[in-house]
Amino acid sequence: MSPDQGSRTSAPATARHHRPPAPALLWALRIAGAALLAAMAWIHLDLWNDGYRTIDVIGPAFLLNAVAGFGLAALLLVTPGPSWAGWPPSVR
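What you see is a predicted model; the values in this text were computed from it and never measured.

**A short note on the side chain of His44**
Right, on to step 1. Looking at the secondary structure, you find His44 in helix H1 (residues 23–49).
Right, on to step 2. Ignoring sequence-local partners within four residues, the contact set of His44 consists of Phe62, Asn65 and Ala66.

Dropping the structure here:
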């Protein structure tokens, strides 16, 4: 017998039930994500104010990144539950 064919016990196939994360954990992760997005947006806005606005392509990109970061941070906090992210998983 080869090593990969060792004695195997055949366990009955059972459906695995996934428990969704606790709502408090989801909110904590959403708040942390929104805070990180807002911090990134603030940094880009501050750099844009410090002189990046005068650079041809990078200046408008930094401003767009700041606006998008603040918008996505707000959107992360106001969207409904995580069903769009795949919870609860479909059980077949």
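After that view, the rundown keeps rolling.
**Here's the deal with helix H2 (residues 58–78)**
Right, on to step 1. The end-to-end C-alpha distance of H2, which contains 21 residues, comes to 30 Å, matching closely the 30 Å that a straight helix rising 1.5 Å per residue would cover.
Right, on to step 2. The set of residues buried in H2 consists of Gly59, Phe62, Ala66, Gly69 and Ala73. In an axial view of H2, the angular spread of the buried residues amounts to 85°, which keeps them on one side of the axis. Seen from the open side of H2, the exposed residues pointing more than 90 degrees away from its buried face are Leu64, Val67 and Val78.
Right, on to step 3. Those residues of H2 hidden inside the fold are in contact with H1.

**Focus: a nonpolar patch on the surface**
Right, on to step 1. A grouping of Trp27, Ile31, Leu72, Leu75, Leu77 and Val78 is seen on the molecular surface, where their side chains present a nonpolar patch of about 580 Å² in accessible area.
Right, on to step 2. Where the nonpolar patch is concerned, the elements lending two or more residues are H1 and H2.
Right, on to step 3. With four residues, the top contributor of residues to the nonpolar patch is H2.
Right, on to step 4. Along the chain, Leu77 falls in helix H2.
Right, on to step 5. On the basis of relative accessible area, Leu77 is assigned to the partly exposed category, the value being 36%.

**Section: H1**
Right, on to step 1. In this model H1 runs 38 Å from its N-terminal to its C-terminal C-alpha over 27 residues, within 8% of the 39 Å that 1.5 Å per residue would give.
Right, on to step 2. Among all positions of H1, only Arg30, Ala34, Ala41, His44 and Trp48 are buried.
Right, on to step 3. Summarising the contacts, the buried residues of H1 are in contact with H2.
Right, on to step 4. Downstream of H1 by a residue or two, Gly51 has a phi angle that is positive, lying close to 135°.

The rules behind the values
- Residues numbered from 1 in each chain as written.
- Predicted model: local features only at pLDDT ≥ 70, side-chain atom pairs only at ≥ 80, totals over all residues.
- Heavy atoms only, no water.
- Helix = DSSP H or I, 4+ residues; strand = E, 2+ residues; numbered from the N terminus.
- Contact = heavy atoms within 4.5 Å.
- Expected span 1.5 Å × (residues − 1).
- Buried < 20%, exposed > 50% of the residue type's maximum accessible area, 1.4 Å probe, protein only.
- Arc of directions from axis to C-beta.
- Patch = residues over 30% accessible without salt bridge, like charges linked within 9 Å, V, L, I, M, F, W, Y side chains within 5 Å.
- Areas by Shrake-Rupley, 256 points an atom, 1.4 Å probe, with all protein chains shown as cover.
- Salt bridge = Lys/Arg side-chain N within 4 Å of Asp/Glu carboxyl O.

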